[in-house]
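# Descriptive structure summary
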Amino acid sequence: ILSKGRTPPMVQEHFSKFTDATGGITWAKDEATGAETGLAQGCVSIDKELFPYPEPYQCSGQVEDWLNGLMDHQQGMLRQRLFDCINAYVEVPREQWVGMYIAQLCITTSQVHWTSEVYTAFDRLEQGNEQAMKEYLQQCMQGLSMWANMVLGDLSKEMRVKIKTLITIDVHGRDIVKKLIDEKVDNAQAFAWQCQLKYSWDEPRDDCYINICDAEFKYSYEYVGNPGRLVITALTDRCYITLTQALRLIMGGAPAGPAGIGKTETTKDLGRGLAIWVIVMNCSDQMNAKVMANIFSGLAQTGAWGCFDEFN
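Reading guide: rules and limits
Residues numbered from 1 in each chain as written. Predicted model: local features only at pLDDT ≥ 70, side-chain atom pairs only at ≥ 80, totals over all residues. Heavy atoms only, no water. Buried < 20%, exposed > 50% of the residue type's maximum accessible area, 1.4 Å probe, protein only. Helix = DSSP H or I, 4+ residues; strand = E, 2+ residues; numbered from the N terminus. Pairing = 2+ DSSP bridges. Right-handed = clockwise from strand over helix to strand, strands pointing away. Core = buried A, V, L, I, M, F, W, Y, C linked by side-chain atoms within 4.5 Å. Contact = heavy atoms within 4.5 Å. Phe/Tyr/Trp six-rings, centres within 6.5 Å; stacked < 30°, edge-to-face > 60°. Lys NZ or Arg CZ within 6 Å of the ring centre and 35° of its normal.

Here strand 8 (residues 305–309) shows a clear split, with Trp305, Cys307 and Asp309 buried on one side and none of Gly306 and Phe308 buried on the other. Inspection of the sheet shows strand 7 (residues 278–282) paired to strand 8 by five bridges, in the parallel sense. Paired with Met281 across the strands is Phe308, a residue of strand 8. Each parallel crossover has a hand, and for strand 7 linked through helix 10 (residues 289–302) to strand 8 it is right-handed.

Here it is, written out as structure tokens:
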């Protein structure tokens, strides 16, 4: 990286090592020679999803400076697009909206709107409309059947994964609404609702926040690509509560259980939900204090999560 730092397109192959899913950058071409210049116009994920930046970024100067600048710029662009995406959700028909934005933004937006709709239903319940939650359940069902019809159509591979993921998230949303009805939950302070990941766009702070129980996290804007997401079960929910509470108390969490039941995947999925990079280390008996110190110094500098697998 240091030897090729002067020509940004040459550093391309290393991008997947220091980001979660950025496989490469789309560089502007020089009109005269057709060669790639140092103007970054967007990025391509490792699963080949394209995210064009609303504003390009000029990479020049020392490599460590422009790389940091580019990372910050990418997060800024994601934040700007997320705001646009949340507003467009209400204005544009859903079939059209899903094609306009990348998977990560569509999923987050759908969760932001689901959260606000459930809060609205709670408000209507308190005003005396006993059918409010059931009416919203019908709305959830309609949304799901619309996605289901789209999946049956002719779609590109990328679009199919995106809609499958949206269905996964929306099915969980529908299940929670159903659970709230079955348990006759009538106010937003009940644990059945508090224990969910609740996304919101906070107007005064002008950013996206995630609340679960009494923990609050700022959305981190790490680009995660279009990898699909895990089906959320009661066990996943329980893991999420435990891990988020641990982080709120500034501690670590450790899901335990036999091999192959998805401990690592659940942790990675929570990371994707908060748009934070989860670095998985497969530990061996060669692990010593010095190796751990190196890893922790790196994690502290990047702000990523470390997931130490097979630690014992």
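Turning our eyes to something else, we now look at the nonpolar core. Counting 59 residues, the largest nonpolar core has Trp97 and Val98 as its most contacted members. Per element, the largest residue contribution to this core is eleven residues, and it comes from helix 2 (residues 63–91). For Val98, the contacting residues outside a window of four places in its chain are Cys106, Trp147, Met150, Met159, Lys162, Ile163 and Leu166. Grouped together as the second largest cluster of nonpolar side chains are 17 residues, Tyr136, Cys140, Val177 and Val185 included.

So, about the packing of aromatic side chains. Under the criterion given, the structure shown has twelve aromatic pairs. Both rings, one in Tyr219 and one in Tyr221, keep their centres 5.0 Å apart while their planes meet at 80°; by these two values the pair is edge-to-face. Taken as a pair, Tyr219 and Tyr221 share a single burial class, namely buried. Taken together, the ring pairs in this structure connect Trp114, Tyr119, Phe122 and Trp193 into an aromatic cluster. For Arg205, the ring lying beneath its charged end belongs to Tyr209, and the centroid distance is 3.8 Å.

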